[in-house]
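Chain residues, written in single-letter form:
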Amino acid sequence: MFVGSVSDNFKERIEQKIFHAEILVDSAKVDAEMKRYEPIPVIADFTDANGNDTMEQTIRDNYNRIKDEVKQIVRDELERIKNDPALQHLLQQK
């Protein structure tokens, strides 16, 4: 069973604003479908050789690596612009 309520918006009136309903489930069909399910493949395993969960550390390491790579890209591009006479005007003069 579930109940709900909706509201109108400015361009669309809804006549029935309050509702209740019951979802009828065919258990036999659901059971038959579930028997055909295949296991979801493991794409990334975050356990180390000792069985410890390393997901948080892996995510933190990836975050820091990406952050460092972006900083390096910015440094490289600023250097490239600084050394290109056609682009030097884009940099702020101190």
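These lines cover the structure that appears in this document, whether it is placed above or below. Worth saying up front: this structure is predicted, and the values here are computed from it rather than measured. (Residues numbered from 1 in each chain as written. Predicted model: local features only at pLDDT ≥ 70, side-chain atom pairs only at ≥ 80, totals over all residues. Heavy atoms only, no water.)

**Topic: the environment of Asn9**
1) Next: Here Asn9 lies in the loop between strand S1 (2-5) and strand S2 (18-21).
2) Next: For Asn9, a relative accessible area of 43% corresponds to the partly exposed category.
3) Next: Here the alpha-carbon distance between Asn9 and Lys82, two residues 73 residues apart in the chain, equals 55 Å.
4) Next: Within the structure, Asn9 has its side chain in polar contact with the backbone nitrogen of Lys11 (distance 3.1 Å). (Helix = DSSP H or I, 4+ residues; strand = E, 2+ residues; numbered from the N terminus. Buried < 20%, exposed > 50% of the residue type's maximum accessible area, 1.4 Å probe, protein only. Polar contact = N/O pair within 3.5 Å; in protein donor to acceptor, adjacent residues only side chain to side chain.)

**As for the pattern of salt bridges**
1) Next: Going through the model one piece at a time under the given rule, you end up with 5 salt bridges.
2) Next: Residue Lys17 is joined to Asp8 by a salt bridge in which the shortest nitrogen-to-oxygen separation is 3.2 Å.
3) Next: According to the relative accessible area criterion, Lys17 is partly exposed, its value standing at 28%.
4) Next: Overall, the relative accessible area of 26% leaves Asp8 in the partly exposed class.
5) Next: Salt-bridge contacts for Arg65 lead to Glu69; the nearest nitrogen and oxygen are separated by 3.1 Å. A residue pair is termed a helical-turn pair when its members lie 3 or 4 positions apart in one helix, as Arg65 and Glu69 do in helix H2 (residues 55-82) at 4 residues.
6) Next: Its relative accessible area of 39% is what places Arg65 among the partly exposed residues.
7) Next: If you follow the salt bridges from partner to partner, you end up with Asp8, Arg13 and Lys17 in one network. (Salt bridge = Lys/Arg side-chain N within 4 Å of Asp/Glu carboxyl O.)

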